[in-house]
Each structure stands twice: as C-alpha cells, then as structure tokens.
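# Chains, contacts and geometry: an overview
Residues per chain, in single letters:
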Amino acid sequence: MKELTGILERGAMFFTQARKNLLAGAAILHKISEEKLWEGTYSSFSEYLQEACQISDSLASKLIRVYTYFVLEGKVPQRKIEGVDLEKLYLAIHLPVPIAKQLASASTLSRSELKQELAEKNGECVEHTPVTFCSKCRIRIYERENN
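Figured I'd write up the structure that's included with this text. (Residues numbered from 1 in each chain as written. Predicted model: local features only at pLDDT ≥ 70, side-chain atom pairs only at ≥ 80, totals over all residues. Heavy atoms only, no water.)

## With respect to the nonpolar core
Convention followed: What makes a nonpolar core is a set of buried Ala, Val, Leu, Ile, Met, Phe, Trp, Tyr and Cys residues whose side-chain atoms join them at distances within 4.5 Å. The buried label applies to any residue whose accessible area, calculated with a 1.4 Å probe on protein chains only, is under 20% of its type's maximum; exposed applies above 50%, and partly exposed to all values in between. The secondary structure listing takes helices from DSSP runs of H or I that are at least 4 residues long and strands from runs of E that are at least 2 residues long, numbered from the N terminus. Residues are treated as being in contact if the distance between any of their heavy atoms lies within 4.5 Å.
The biggest cluster of nonpolar side chains holds 32 residues, and the ones touching the most others in it are Leu-29, Phe-45, Tyr-48, Leu-49, Phe-70, Ile-81 and Leu-89. Secondary structure elements with two or more residues in this core: helix 1 (2-34), helix 2 (45-53), helix 3 (57-73), helix 5 (86-93), helix 6 (99-108) and helix 7 (111-121). For this core, the element with the most residues is helix 3, which contributes eight residues. Excluding its chain neighbours within four sequence positions, the residues that come into contact with Phe-45 are Leu-29, Ile-32, Ser-33, Trp-38 and Ile-64.

Structural data, given as structure tokens:
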C-alpha cells in the first residue's frame, strides 16, 4: 500500500512540475514570437514550433494567450497560476467576469463545469449542442434547433 501511495504522489508531482514548465515555456514562446527570434533559423514560427518544440500551433497559441492575458495584461504573478490546469485557464479567459473571478473559476471548477458556465453566460443550451461534421474537411458544424 505504501508503494502505491508513493507512485501516486510521484505521478502527481511530475504533472505539477509539467504545468509549471508549460507556463515557463509559454513565457519563452511569447518572447520568441514577439521578437521573431526564430527568423534566420526557421522559415516560420510555426516551423519552429513543430520542429524544435514538437507542439502544434494551436497549443502554442493557447499557451501564449494564457501567459499574455493573466501575467502580462492581468499582472497576475506567474507563480500564482503555475499549478492551475492551462486548459482551464484558457477557458476561464472567456468568462465575462473580472480576472480574479476567472482565476478562481479556473482553480476550482472542472473543465466541464467551466464549459457549462461559458455556455450559460453566452445564452447557449447547456443540455446539448447538436453537432455534425463536414464530410470533406471534418470541421464541426453546430446546428441550432428551431423552436
């Protein structure tokens, strides 16, 4: 039983550290993007992300947005958001409430609770949102029911 507890603690510790590293990486990506430090070595920032960092443009965009919004614009100390799930921080940005409430929501709510709160704030149905996918490009097409 003690061995299992140790493994569980180590797993949690690794992912806590990974979240801290992602936020530190977001700060560096912001600098690289803003100052175009990739130029001369890569043909684009996207190429740098894919080849050197092995992350998608989408993930980099979210990381940079969270860092910019909370740390640079919101003046939230980086250490205060290091342990918070970055996807939840990204979702919380879209809540139409003050930044302190956004941070509290990201820290306490689950991803699904944040998505539901966003849907409610946007006047969307929280029970369901019918969706289909384009047969050619697989992009989501949201359907609205006519009442």
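## A closer look at the pattern of salt bridges
Selection criterion: Here, a salt bridge means any side-chain nitrogen of Lys or Arg that lies within 4 Å of a carboxyl oxygen of Asp or Glu.
Counted by the stated rule, this structure contains four salt bridges. Between Lys-31 and Glu-35 there is a salt bridge, with the nearest N and O atoms lying 2.9 Å from each other. The exposure class assigned to Glu-35 is partly exposed, which follows from its relative accessible area of 46%. Residue Asp-85 is joined to Arg-111 by a salt bridge in which the shortest nitrogen-to-oxygen separation is 2.9 Å. With Asp-85 in the loop between helix 4 (78-81) and helix 5 and Arg-111 in helix 7, this residue pair connects regions lying 26 residues apart in the sequence. Taking the relative accessible area as the measure of exposure, Asp-85 reaches 22% and is therefore partly exposed.

## A closer look at the layout of surface pockets
Under the convention used in this document: Cavity: a set of points on a 1 Å grid over the protein atoms alone where a 1.4 Å probe fits but cannot get out. Pocket: an open set with protein on both sides within 12 Å along at least five of seven lines, its lining residues, like those of a cavity, having an atom within 4 Å of a point. Grid points are joined across faces, edges and corners, and a volume is the space filled by probe spheres set on the points. Under the grouping applied here, Gly and all other residues not named as nonpolar or charged are polar, the nonpolar ones being Ala, Val, Leu, Ile, Met, Phe, Trp, Tyr, Cys and Pro and the charged ones Asp, Glu, Lys and Arg.
Space inside the second largest pocket adds up to approximately 190 Å³. Taken together, 13 residues line the second largest pocket, and the ones lying closest to its centre are Leu-22, Leu-59, Asp-85, Leu-86 and Glu-87. Here the residues of the lining of the second largest pocket sort into seven nonpolar, one polar and five charged.

## A look at the packing of helix 2 against helix 3
Heads up, the rule is: Note on method: axes are straight lines fitted to C-alpha atoms, helices fitted across the in-contact stretch only, with angles between N-to-C directions ranging 0 to 180 degrees. To sort the angles, those under 35 degrees are grouped as roughly parallel, those over 145 as roughly antiparallel, those from 65 to 115 as roughly perpendicular, and the leftovers as oblique.
One way to put it is that helix 2 packs onto helix 3 with a least axis distance of 9 Å and a crossing angle of 105 degrees. By the angle between their axes, helix 2 is roughly perpendicular relative to helix 3. For the pair helix 2 and helix 3, contact is made by Phe-45, Ser-46, Leu-49 and Gln-50 and by Asp-57, Ala-60 and Ile-64, respectively. When its residues are assigned to classes, the contact of helix 2 with helix 3 shows four nonpolar, two polar and one charged.

## Some details on the packing of aromatic side chains
Threshold: The rule is short: rings of Phe, Tyr and Trp, with Trp giving its six-membered ring, pair when the centres are within 6.5 Å, and they are stacked under 30 degrees, edge-to-face over 60, tilted in between.
Enumeration over the complete set of coordinates arrives at three aromatic pairs. Consider the rings of Tyr-42 and Tyr-48, whose centres lie 5.4 Å apart with planes at 70 degrees: the pair is edge-to-face. For Tyr-42, a relative accessible area of 23% puts it in the partly exposed group. Ring centres 6.2 Å apart and planes at 25 degrees place the aromatic pair Phe-45 and Tyr-48 in the stacked group. Within this pair, Phe-45 and its partner Tyr-48 are both found in helix 2, separated by three residues, close to a single helical turn. The pair Phe-45 / Tyr-48 is uniform in exposure class, with both members buried. Through a chain of ring-to-ring contacts, the aromatic side chains of Tyr-42, Phe-45 and Tyr-48 assemble into a single cluster.

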